[in-house]
Amino acid sequence: MLYNLKGTLTVSDVNFIVVECGGVGFKCFTTLNTVKQIGKTGDTVNVYTYLAVREDAMDLYGFSSLAELDAFKLLITVSGIGPKAAVSILSELSPDKLAVCIASGDAKAITRAQGVGKKTAERVVLELKDKMGAIAVGDVSDAVSSAASVSSNSDSAEAVEALVALGYAQSDAAVVVGAMDKSLSVDEMIRLGLKQLAKNL
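Residues numbered from 1 in each chain as written. Predicted model: local features only at pLDDT ≥ 70, side-chain atom pairs only at ≥ 80, totals over all residues. Heavy atoms only, no water.

**Student:** Sorry if this is basic, but what is going on with the side chain of Glu 68 here?
**Tutor:** Within the secondary structure, Glu 68 sits in helix H2 (residues 66-75). Despite its burial, Glu 68 pairs with no opposite charge, the nearest such side chain being Lys 36 at 9.9 Å. A distance of 2.4 Å separates polar atoms of two side chains, one belonging to Glu 68 and the other to Thr 34. With near-sequence residues (within four places) excluded, Glu 68 lies in contact with Thr 31, Asn 33, Thr 34, Phe 63, Leu 90 and Pro 95. (Helix = DSSP H or I, 4+ residues; strand = E, 2+ residues; numbered from the N terminus. Buried < 20%, exposed > 50% of the residue type's maximum accessible area, 1.4 Å probe, protein only. Lys, Arg positive; Asp, Glu negative; His and termini not counted. Salt bridge = Lys/Arg side-chain N within 4 Å of Asp/Glu carboxyl O. Polar contact = N/O pair within 3.5 Å; in protein donor to acceptor, adjacent residues only side chain to side chain. Contact = heavy atoms within 4.5 Å.)

Below you can see the structure in the form of structure tokens.
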């Protein structure tokens, strides 16, 4: 029903914003990422919205980008993930980072979101594995493809496991290793991976 709101940002809180349009203030629940990016109170802003209708309430959710809105809509299709859990995940992970986590099977990164346990995070990875292209934007689609290709190559998967054991995030290790020449040995992949990941810190 409501696609977007364009108006004056009158309130910016930790988990919601208020956008005034034509004298009416619309309260939108949102992510920390949107709160950081949306601007200062008094600015003219544009948010993309989703209206969640329940028996006892109608809640409006607003996002600074279409990518974040699309990621939100995909997340709430996962069994056990409601709007609040989706907002929590997107407060912890940008849509791009979420796409890479799903592609690489990095459920652990998703559990960093408040209120999201291991089983729920694993369900997100399992149910959205084939849909991650819809939330990958810009150059990140290459990273998603690289991460997804790792599971089909045993040497690459072994190198990723070694890098994870050394303390790196699975999603980051999968992207780095996925972009490497598949003819490299596992040891070479690990050595190059360490070099690349150290640069990214």
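**Student:** Where do I start with a negative patch on the surface in this structure?
**Tutor:** Taken together, the side chains of Asp 155, Glu 158, Glu 161, Asp 187 and Glu 188 present a region of like negative charge at the surface. When contributions to the negative patch are tallied by element, the ones reaching two or more residues are helix H8 (154-165) and helix H10 (186-200). No other element matches the three residues that H8 contributes to the negative patch. Its place among the elements puts Asp 155 in helix H8. Residue classification places Asp 155 among the partly exposed residues on the basis of a relative accessible area of 30%. (Patch = residues over 30% accessible without salt bridge, like charges linked within 9 Å, V, L, I, M, F, W, Y side chains within 5 Å. Areas by Shrake-Rupley, 256 points an atom, 1.4 Å probe, with all protein chains shown as cover. Charge placed at Lys NZ, Arg CZ, Asp CG, Glu CD.)

Purely spatial values, then, with no claim about function.
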